[in-house]
Amino acid sequence: MSKIFIDACKGKKTPYTPVWMMRQAGRYLPEYMEVRAQAGDFLSLCKDPEKACAVSLQPVDIVGVDAAIMFSDILVVPLEMGMELKFVKGEGPVFPHPVTCMEDLDKLDIEKGAKNLQYVYDTIKLIRGKLAADKALIGFCGAPWTLATYMIEGQGTKTYAKVKKLIYTNPEFMHALLKKVTQTLKLYLANQIKSGADVVMIFDSWAAALEESAYFEFSWNYIKELVGFIKSNYPDNPIIVFPKGISGYLDKIDGDFDVFGVDWSTPIELAKEKLGSKYILQGNMEPTRLYSKKAIDEGVDKIIKVMKNERHVFNLGHGILPDVPVENAKYFIKTVQEKTKNL
Ligand code: CP3
């Protein structure tokens, strides 16, 4: 059975524009909160394939999205390479012992990292077995740069001072770290596809921290290497990239991927002008529009006006927030599916 989401990623005509939401498996769903409570905490949930499978399927069953994204987190990769990781309530993720020198980096293991992530592969296999044949399954990883930022800063940051200091004072070290993470991600994404992921997505959430030349040297080059590897080994599996906040750098974006995720701060007209002839676009409704049905209608109409007759995957321009009413999320999905019918 053909999957409309995959068809859209490959530029084929579809009966309507498929739609999903970043962070669709999460705290806005009471059913998610219930399973997370049963698991004990967030990381235990990630490591329990049965429960991770259950929460991955919730947005498909409850909200009606056209694709499931496996439930996990980008930070399980540095965790399984050997870094202790804690999710501190109210503070988000923390690595208590960040990477500071070559000795720390030498302790991290590429093969062991990819192997220890078996619970993710098991989650994918379970989801694949339960997901309807016409729905797609999205696997994912963080971009090497975004992961390296957490590994060096130890947590979220406003200034990126530690990691950017390294870029300008010890670029060789940064490249050694980025290479090691990229190698692990190649094995990780390949294993996800082998386990049943139809599509893989690379989240570069901290792309906007870098000036243009640094972005291409320290982030995009590694994303290109990763997508090139996946594309040459798994040519049938579409690849989505999501470099957040780099609307000023779109002219220089190239590489062997299929779908470019447009964040909400990038005008979709601009993304269409710069990248629309080369890539399928995904996005990009402002996520906080989900607080109002009127704002949803306006946001959807605005995007349809630009993307009509274009190849497109509908999504938010970043993750759904935890206090969005479920009813509005359902309304967004239904509105897109209905308004894009036979466009
Ligand atoms: O539904 C999905 O999209 C799949 C699951 C998913 C999660 N994290 C679950 C999660 C995905 C794709 C991610 C990616 C992720 N994680 C990114 C990149 C995407 C983005 O948003 O830019 C980043 C930067 C992270 C790191 C991370 N994980 C942070 C900063 C936080 C805390 C922020 C917060 O919202 O509290 C997490 C925790 C996290 N990852 C949660 C979920 C559902 C919340 C944990 C909880 O249940 O309390």
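Residues numbered from 1 in each chain as written. Predicted model: local features only at pLDDT ≥ 70, side-chain atom pairs only at ≥ 80, totals over all residues. Heavy atoms only, no water.

On the basis of which strands lie adjacent, the open sheet formed by seven strands has the order β1-β4-β5-β6-β7-β8-β9 and parallel pairing. On the outer flanks of this sheet lie β1 (67–69) and β9 (312–316), each paired with one strand and no other. Looking at each pair of strands side by side, their axes are set apart by 25 degrees on average, direction ignored. Contacts from helix α11 (residues 171–195) reach β4 (136–142) and β5 (199–204), with the element oriented near 170 degrees to β4. (Pairing = 2+ DSSP bridges. Helix = DSSP H or I, 4+ residues; strand = E, 2+ residues; numbered from the N terminus. Axes fitted to C-alpha atoms, helices over the stretch in contact; angles between N-to-C directions. Contact = heavy atoms within 4.5 Å.)

Turning next to the packing of helix α8 (residues 118–130) against α11. For the pair α8 and α11, the least separation of the axes is 8 Å and the interaxial angle reads 25 degrees. The pairing of α8 with α11 is recorded here as roughly parallel in orientation. Crossing angle aside, the handedness with which α8 passes α11 is right-handed. Taken together, the residues of α11 that come into contact with α8 (itself represented by Val120, Tyr121, Ile124 and Lys125) are Tyr188, Asn191, Gln192 and Ser195. For the contact of α8 with α11, a count of residues per class yields four nonpolar, three polar and one charged. (Parallel < 35°, antiparallel > 145°, perpendicular 65-115°, else oblique. Left-handed = near helix turned anticlockwise from the far one by under 90°. Nonpolar A, V, L, I, M, F, W, Y, C, P; charged D, E, K, R; others polar.)

Our focus in this paragraph is the state of the cysteines. Under the counting rule described, the total for this entry stands at zero disulfides. For the unlinked cysteine Cys53, the closest cysteine sulfur is that of Cys46, found at 14 Å. Assessed through its relative accessible area of 1%, Cys53 is described here as buried. The structure places no disulfide on Cys141, whose sulfur is separated from the nearest cysteine sulfur, that of Cys46, by 15 Å. (Disulfide = S-S within 2.5 Å. Buried < 20%, exposed > 50% of the residue type's maximum accessible area, 1.4 Å probe, protein only.)

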